[in-house]
Amino acid sequence: MKTKTAVTIALTFIFSLLLSCSPRPQVHKMLILAFPTADKTLDSFKKEMDSLGYREGKNIIYLIALASEEEELKSKARRFMEQKPDIIVSFTTWATRAAIDINRDSNLPHVFGQTSTLSGIGIDSREERVKLNVTGITAAVPITKQLEYMKRLAPRTSRVFVAYRPDPLPL
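The residue numbers shown here count from 1 along each chain, following its written sequence. Thresholds applied to this predicted model are a pLDDT of at least 70 for local features of residues and 80 or more for the giving and counting of side-chain atom pairs; totals over whole chains, interfaces and linings are not thresholded and use all residues. Note: side-chain values were computed over all heavy atoms of the structure, leaving out hydrogens and water.

S.K.: Even after reading the chapter, I still don't get the pattern of salt bridges, so can you show me in this structure?
M.R.: Salt bridges, as used here, are contacts in which a Lys or Arg side-chain nitrogen is within 4 Å of a carboxyl oxygen on Asp or Glu. Under the definition given, this model contains eight salt bridges. With its nearest N and O atoms 3.6 Å apart, the salt bridge here joins Glu72 to Lys76. In this pair, Glu72 and Lys76 both sit in helix H3 (residues 70-81), four residues apart, roughly one turn of the helix. One salt bridge in this structure joins Arg78 and Asp101, with 3.2 Å as the shortest N-O distance. Taken together, the residues Arg78 in helix H3 and Asp101 in helix H4 (residues 93-103) connect sequence positions 23 residues apart. Among the residues examined, Arg78 registers a relative accessible area of 42% and is labelled partly exposed. In DSSP terms, a helix is any run of H or I states spanning at least four residues, a strand is any run of E spanning at least two, and both are numbered starting from the N terminus. Three exposure classes are used, based on accessible area relative to the maximum for each residue type with a 1.4 Å probe and protein chains only: buried under 20%, partly exposed in between, and exposed over 50%.

S.K.: Mind showing me how you'd approach the pairing of strand E3 (residues 87-91) here?
M.R.: The side chains of a regular strand alternate, first on one face of the sheet and then on the other. Of all five residues in E3, four are buried, a share of seventy percent or more. Two strands qualify as a pair provided DSSP detects at least 2 bridges between them. As paired strands, strand E1 (residues 28-34) and E3 are joined by four bridges and run parallel to one another. For Ile32, the partnering residue across the bridge sits in E3 and is Val89. Bridge count for E3 against strand E4 (residues 110-115) is four bridges, and the pairing is parallel. Paired with Phe91 across the two strands is Gly113, which belongs to E4. Seen with its strands pointing away from the viewer, a crossover is right-handed when the path leading from the first strand over the helix to the second is clockwise. Taken together, E3, H4 and E4 form a β-α-β motif whose crossover is right-handed.

S.K.: Before we go on, may I ask you to explain the sheet that holds strand E5 (residues 134-138) in this structure?
M.R.: Strand pairing in a sheet relies on backbone hydrogen bonds, with the paired strands running either antiparallel or parallel. Reading across from one edge, E2-E1-E3-E4-E5 is the order of the five strands in this open sheet, with parallel pairing throughout. Strands with a single pairing partner mark the edges of an open sheet, and in this sheet they are strand E2 (60-66) and E5. Adjacent strand axes in the sheet meet at a mean angle of 15 degrees when their direction is disregarded. Lying over the sheet, H4 contacts E1, E3, E4 and E5, oriented at roughly 160 degrees with respect to E4. Fitted lines through C-alpha atoms serve as axes, helices being fitted only where they are in contact, and the angles separating the N-to-C directions of these axes extend from 0 to 180 degrees. By definition in these notes, contact holds between two residues if any of their heavy atoms fall within 4.5 Å.

Below is the structure:
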């Protein structure tokens, strides 16, 4: 009986020692800037991150700044910057402009989506984009290319309505 207890204590000690020596999983902090109505976008984004193995509260923490005005968004985001995020993600043109503005000193990696054009977010050249550590997806597909794709997908299309709003988009 004493032998079993000694072995149990020894194994518990060894197991505890092994656990304390193993590296702790790294927890990443992601600052997200968006418009308050971006609920569905954020939900799908988090769901996709989860499918890639990023579990909220376990190995990733989302610092989410939502606001209807650019200055308010910058203010909220600056407070989150104090928590030292590892990356910034922004959705919409003006949220991306706000993220670029608050990130100028930190130069964190920044990924954006749902923006109009690079000039709409204040980036005029590839060199500036690289310098600011920014990448993402814009809606800047030339109308001719859009019509070409549409014709491939729906060859019998004869009329197309195009809604246009000049850059930069306010949202």
